[in-house]
Structures are given as structure tokens and as C-alpha cells.
Amino acid sequence: MQGSSSDIESQQTHERLVLEWDSISYSVKNSKILQDVSGSVESGEMLAIMGPSGAGKTTILDMLSKRVPATSGSVTVNGDAHADMSALAAYVEQSDALLGVLTVHETIRFAARLSFDPATPAEQINERVGTVIADMGLTEVRGNRIGNAVQRGISGGQKRRVTIGSALVTMPPILILDEPTSGLDSRTSREVLTAIRTIARRHGILVIASIHQPNWETFALFDKLLLLARGRTMYFGPTNRLDAYLADGLDHPVPVHANPADHALEIFNTDFMSDPDARAAHVAELAARYAAYAQAHGLGPAEKGAHEPLGGRAGQLTRRKGLGGALKQSAYRTGILMERNTINYSRNLLAYGVRIGMYLGMGVMLATIWVNLAPTSAKVNDRLSVHFYSVAFLGFMSVAGIPAFLEERQVFVRERMNGLYGPGAYVLANSLVTLPYLFLCVLLFSVLCYWSIGLNPGAEHFFRFLGVLFLAVYTAESQSAVVAAVLPIFVAALSIASFLNGFWMSVGGYFIRAVNLPRFWYDWAHWIDYQAYAFDLLVFNDLHGLTLGCATLADGSCFCDYPSSLTALGQCALAGDDVLQNLGIRGISFKLYASILLIIALVYRVMLYVVLVFKKR
Ligand SMILES: Nc1ncnc2c1ncn2[C@@H]1O[C@H](COP(=O)(O)OP(=O)(O)OP(=O)(O)O)[C@@H](O)[C@H]1O
């Protein structure tokens, strides 16, 4: 039988799941953010979580998705407290983490490709992507870019729908949405939630959404409602029984023509009560009244029944794949990420175009300021400063890559949480796609300045200069990535990465000779300083084997700026190796130093991986 869209549709119909949470509480220090909240929801159902601002809606979503463990109580799927939620659930956060230069269609298609089995035919993926784009009302803007600081893109509400679409297209068994309708007008909110409901019913997806102020029709799309105030349950049950509870349980019937959701939020909002004790007592009383009513009227979580054990697709997802399978999947996802990164890098003018311009500018600057250095001993210090400047400033400017790394990292955090791929695939794709881009930057810089400065001529010397500089810049870029992964806040990452580069400059051996450094710094910092190895290599490459002319003074004597072994032989010249000897870098092994530089770069890449393994947000 021919593969058709119905194949993929049927593959994506999930087995029945029941998500239950039993008496979950969450405290930070001594403050109780959630208290004894219980409930359940199953495949095909939509649960709304509502409550005044600060009621604990995002917190409970974090508990249900197991992003944050509850202080007490349990969260189970089909009775299993160890179900792998990253494999079962897609979580759509309040903020939209998207790559600004991709189009709407590309964004959703990449999400689909990252989630589907490698064997899924492209037409099936395209069909699913097309359906989701239509369902989210994005057909008109499917070819438009998302937008970023330099290029205005789609609207905030459309971005919200792209984020939801990117989750929905992966057909997760559980879909968790934090404020899916923020930024959407009431008609669009209703359309989007109607589409989610249709897809959820059709494919048996369990949907949980926190929501602010839904209008009547939107509210009615939900099967169940959990109403929170100050972390306590004000109501949990079918949406269509809320009216009865407000009237009979609380003596606050919904006025004629009023929206029950608005009315309930008015009752449970205690933010404007000035006395904190009275506020706490009021909320406690409302929670007690709900508990008594729920018991008397059979509301609350369904009776725990016998569950099917997790099996089928969900079970497969929660089970670890064999090593071979995992590696294959990982290689497949890495390939897709590389493709996406390449598009991102090639289109991201702000992050990458401007940087290329900056490296070009630095090349022109060096070429015109250190212009045509004669091979004389008087110009040795100028040559040294060229090498120092090239390593230190090109390395330093790697901080310009931090904003783009942070944008990419946010997308990674979202997709990783949703089980699309792990830190291994991400780091590998990032590490590989950065290579040609940085190489291009360093190549442009080198071509522009190497010959006009008059560094050691010869192709071999030029290519060594290029290679060493490229390794140094790649190491610096890797260092910036590690810093930004640890501290994903732009200003903080920028400050720390700049400080580190300044530190490496200070202990590298240029400003103060390495052997003159205080032992405390020399014994460790100098030896792990990538700039020190790169500087030594560039100087060695330039001066080794070179003969430099010295000055003949008025009295006929010869003056060299460095002690020369050649003057004793009757030549008024300075051997480049004499300078190297004086600097303490004579006889270094080019291969060894280049290998150490490479190892430092790789260590940073491994550090990036380790940081991302442990730092999940
Ligand atoms: N890690 C934390 N440390 C301290 N306070 C926290 C922490 N997490 C949540 N809170 C507090 O718990 C309360 C509930 O926060 P939460 O973000 O869950 O509310 P919310 O209902 O989603 O609010 P909103 O609708 O405004 O987004 C807030 O007062 C918040 O400040």
C-alpha cells in the first residue's frame, strides 16, 4: 500500500494516558507556592488552569511537566511516577523562543523534522506542516520571517501561534501550554484553541493550558478547569459545573450574561485585600468550602482506577533506545540542526554579517597602520605587537557571538525540554557549523593584512598564520559559548567573557615576559592560556629562520635591538632565532603547541556539553 498522510495520522494517534497529580505542594524557603493540589486529566481532554496573577499557574505546569520536582505529593502518568515527561510532553512556555531569520514555514518544518522518525517521507512531513500552519491561521504569513532586532517580522500574536504550531506539529501525547493566548485577540484565541481541541480530540492528545481571562466561547472549549488562588485549589472539575459550584457552594451565582470565568476570577482575586492575615484566612476558607463541596458532590479528581501500563508509542518513547539506535537518531538530528544553523548564520546579518565586517575592518586597520614593516631589528617590536594584536583582539571580539548564541540556546532549551534532541546533537551542530564561518572571518582578515604588513613571506608561513589564528579565534568563540551557557544573560556573559580575555592577555607573556610573571600566575594561568600558545606560534612562524638588518651607527658600530649571535660573526644583523631565544620561545615544537591549542578548544567544547547537560534552563 502506498504511504499516505493517513499512515502518519494513524501512527500519531496516542494510546490513552491519564495524568494524575496527588496532593502536590511546592515551597520556596518558607513560602508555600502550591498547597495540596490534586487533579487528573486524560488523553483527548483539555484542562484549563486559571487564577489571578501569581496564583501558581506556571508553577503547577512546571510540576506537571516535571521540569521542577514538587516538594511533596506525586505526579503520575498511568500510575507511573517515573514516566519520562520530556519524551511524552511538549511544553510551550510563556515566551517565544524562535530563530528570527527563519520563516514561519521553515520554523514549523524544522520542528517536525526534528521530531519524526528519519524514515518518514518528506511529503508526509510537508502535509502535516501545511495542516498545522492552516490550523494556526498562519497560511498568509507562511513565507514571512519571524523577525529580530534588525528586521521586523510577524506580529507577537503570530509568533505565539508559531510556537504553539511548532509543538503541535510534533504530535506529543501531552501538550502543556503556558498562556497560549497571550497577545492574541479574542477571536484568534478562540480559533487557535478550537484548532488545538480538534487536533487533541482526533489524535488523543492530553492538553493542559494556563489561561487568562478567556471569553465565554473560549472557556467552553475546555473540558476541565483547575482554579487556583495563592497556590490553593478554588475549584477543580468539569468546566460546565463551575456555575453550579459558584451558586450553590459559594452563594455567588454568575450574573445573567456574565462570563463564569471572569466572575470566578473576581471572587478569587485577593490581591487587593490590604490585610495579609485576612487575605490568607479568606483563601483558606474558600479552599475549605471547595473541598467540602467537592466531597459532597463528587467533584475533584476521578477515582483512581487500574491503568494500562505505559506501552505502545508512549512506552517506546519512555524507554531508552539501544546505543546504536540512539547514535543513529542523534546523527540524524545533528544533520538537521546543522542545516538550520547554516541558514541562521547565512541570513543573520546582525550576528554574523556585522562580525564579518568587523574582521574585515580590523584587517584593513592592521594593513594600513603596521604598513610594510621592514625586516629590521628596529621593527621587531612592531612585528610582535601585530601578533599580539591579532590573537588578542580577534579572540576578544568573539564576545560579539554571544547574542546569537543566546538566541540559539533558548531554542535549544525549549526543544530539548520537549525531547526533540539532546545537548550532544546541539553542541556538535554548533561546533561544526561555526567552523567554516569563523574560518571565513579569519581568512578575510589574514588576506587583507598579512602581505601589506610584510610578515614572513612564503605560502607556508601565511597558511600557518591563518591556521593558528583560526584555532585561537575558535577557542575564544568556544570560551564565550561556555560562559554564555553558564550565565545565559547577555550583559553578564559579555562581562565575564571580556574579563577572561583580558586576563589571558595579561598572563600571555606579551605585556610582561612569561618568566617574569609572579609564580602564582605563571604556574597555572600561563599554561592554560590559549592566547599564549597562539602568540608564541605566530611569533615563531614569523621570526624563525628570518634574518633582520641592524643599524650601523655614526661611529661605524652595529646596533641591534636584541642580543645578536651574528654580530660576533662579523654580520651587522639579527637572527630571528635570537629574538625567539630572548623571548624564551626558541625551539618550540610547532606541532605540539598547535595540538595544545586544539586541545584547549576541544576542552571548551566538552565543557559546553557538560554545562548544557546539567543546566537545563
Ligand atoms: N522559585 C521561586 N522563588 C520565589 N518565588 C517563586 C518562585 N517560583 C514562583 N514563585 C512565586 O510563586 C507565585 C506563583 O508564581 P507563578 O509564576 O506560578 O504564578 P502565575 O499564576 O503563573 O502568575 P502569572 O499569571 O502572573 O504568570 C508568585 O508569587 C511567584 O513570585
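Calculation criteria
Residues numbered from 1 in each chain as written. Predicted model: local features only at pLDDT ≥ 70, side-chain atom pairs only at ≥ 80, totals over all residues. Helix = DSSP H or I, 4+ residues; strand = E, 2+ residues; numbered from the N terminus. Buried ≥ 20, exposed ≤ 12 C-beta atoms within 10 Å, placed from the backbone. Near = placed C-beta within 6 Å. Nonpolar A, V, L, I, M, F, W, Y, C, P; charged D, E, K, R; others polar. UniProt positions renumbered as here; feature names shortened; annotations may be inferred. Expected span 1.5 Å × (residues − 1). pLDDT = per-residue confidence, 0-100. Contact = placed C-beta atoms within 7 Å. Pairing = 2+ DSSP bridges. Axes fitted to C-alpha atoms, helices over the stretch in contact; angles between N-to-C directions. Core = buried A, V, L, I, M, F, W, Y, C linked by C-beta atoms within 7 Å. Domains from an automatic or database assignment. Parallel < 35°, antiparallel > 145°, perpendicular 65-115°, else oblique. Left-handed = near helix turned anticlockwise from the far one by under 90°.

Secondary structure assignment for the protein yields 23 helices and 13 strands. With the C-alpha coordinates aligned to their principal axes, the bounding extent of the protein is approximately 115 × 65 × 45 Å. Counting over 617 residues, the protein shows a buried share of 43%.

Another aspect to go through is the site of the ligand. Around the ligand sit Val28, Ile33, Gly51, Ser53, Gly54, Ala55, Gly56, Lys57, Thr58 and Thr59, and that is every residue in its neighbourhood. Ranked by residue count, the leading element in the shell around the ligand is helix 2 (residues 57-64), at three residues. Taken together, the residues of the shell around the ligand sort by class into three nonpolar, six polar and one charged.

The next subject is the UniProt feature "transmembrane region" (unreviewed entry) in the protein. According to UniProt, the feature "transmembrane region" (unreviewed entry) maps to residues 349-374, 386-406, 427-453, 459-476, 483-512 and 592-614 in the numbering used here. Secondary structure content for residues 483-512 is 73% helix and 0% strand, and the end C-alpha separation is 27 Å. This span, residues 592-614, is 100% helix and 0% strand, and a straight line between its end C-alpha atoms measures 33 Å.

On to helix 4 (residues 104-115), then. For helix 4, with 12 residues, the first-to-last C-alpha span of 17 Å sits near the 16 Å given by 1.5 Å per residue. Among all positions of helix 4, only Val104, Thr107, Ile108, Arg109, Phe110, Ala111, Ala112, Arg113, Leu114 and Ser115 are buried.

This part takes up the confidence of the model for the protein. For the protein, per-residue confidence averages 88 on the pLDDT scale, and 93% of positions sit at 70 or higher. Taken together, the stretch residues 312-323 has pLDDT below 50 and engages in 18 contacts with residues farther than four places along the chain or on a different chain. As a predicted assembly, this complex carries a pTM of 0.84 together with an ipTM value of 0.95.

Right, let's get into the sheet that holds strand 5 (residues 89-92). Spatially, the six strands line up as an open sheet ordered 5-6-7-3-8-9, and their pairing is mixed. The open sheet has two edge strands, strand 5 and strand 9 (232-238), and neither has a second partner. In this sheet, adjacent strand axes meet at a mean angle of 15° when their direction is disregarded. Of the pairings in the sheet, the one linking strand 5 to strand 6 (residues 174-178) comprises four bridges and is parallel in character. Across the sheet, the residue bridging to valine 92 is leucine 177, located in strand 6. Set on the sheet, helix 10 (residues 260-268) makes contact with strand 3 (46-50), strand 8 (224-229) and strand 9; between it and strand 8 the angle comes to about 25°. Across the sheet, helix 11 (residues 276-297) is in contact with strand 8 and strand 9; its angle to strand 9 comes to roughly 30°.

Mapped onto the secondary structure, leucine 64 falls in helix 2. Leucine 64 sits in the buried class, given 27 other C-beta atoms within 10 Å. Through-space distance from the C-alpha of leucine 64 to that of valine 75 is 6.4 Å; in sequence the pair is 11 residues apart. Residue contacts for leucine 64: discarding those within four places in its chain leaves Leu19, Trp21, Val75, Ile176 and Ile208.

One broad trend across soluble globular proteins is that nonpolar side chains are buried collectively. Ranked by internal contacts, the top residues of the largest apolar core, which has 166 residues, are Ile176, Val207, Ala472, Val473 and Ala534. In terms of residues, this core owes the most to one element, helix 18 (residues 459-486), which gives 14 residues. There are two domains that each give this core at least three residues, and those are domain 1 (5-304) and domain 2 (323-528 + 590-614). Among all residues touching valine 207, those that are not within four sequence positions of it are Met46, Leu47, Leu175, Ile196 and Ala200.

A few words now on the domain arrangement of the protein. Once the domains are mapped, the protein shows domain 1 (5-304) and domain 2 (323-528 + 590-614). Taken together, the contact between domain 1 and domain 2 spans 22 residues of the former and 21 residues of the latter. Within the residue set of the side of domain 1 that touches domain 2, elements represented by two or more residues are helix 3 (85-88), strand 5 and helix 4. If you tally residues by element for the side of domain 1 that touches domain 2, the top one is helix 4, at four residues. In the side of domain 1 that touches domain 2, the residues fall into 15 nonpolar, four polar and three charged.

What follows covers the packing of helix 21 (residues 530-543) against helix 23 (residues 590-614). Where helix 21 meets helix 23, the closest approach of the two axes is 9 Å, and the angle between their N-to-C directions is 150°. Taken together, helix 21 and helix 23 sit at an angle that is classed as roughly antiparallel. Handedness of the helix 21/helix 23 crossing: left-handed. Contact residues: helix 21 offers Tyr530, Tyr533, Ala534, Asp536, Leu537 and Phe540, while helix 23 offers Phe590, Tyr593, Ala594, Ile596, Leu597 and Ile600.

We now examine the packing of helix 15 (residues 380-396) against helix 18. Between helix 15 and helix 18, the least distance of the axes is 8 Å, while the angle of their chain directions is 35°. The element helix 15 and its partner helix 18 pack so that their crossing is right-handed. Every residue of helix 18 that contacts helix 15 at Ser390, Val391, Leu394 and Gly395 is listed here: Leu469, Ala472, Val473 and Ala476. Its residues assigned to classes, the contact of helix 15 with helix 18 comprises six nonpolar, two polar and no charged.

Attention now moves to the UniProt feature "domain: ABC transporter" (unreviewed entry) in the protein. The UniProt entry lists residues 19-255 under the feature "domain: ABC transporter" (unreviewed entry), expressed in the numbering used here. Span residues 19-255 is 35% helix and 25% strand, its end C-alpha atoms 34 Å apart.

Further remarks concern the sheet that holds strand 1 (residues 18-28). Taken together, the three strands give an open sheet; going across it, the order is 2-1-4, and neighbouring strands pair in antiparallel fashion. A single partner strand is all that each edge strand has here, and the edge strands are strand 2 (31-42) and strand 4 (72-77). Going from strand to strand, the sheet's axes swing by 15° on average, the running direction of each strand aside. Pairing of strand 1 with strand 2, which is carried by eight bridges, proceeds in the antiparallel orientation. Following the sheet pairing, tyrosine 26 is matched in strand 2 by leucine 34. Contacts from helix 2 reach strand 1, strand 2 and strand 4, with the element oriented near 125° to strand 1.

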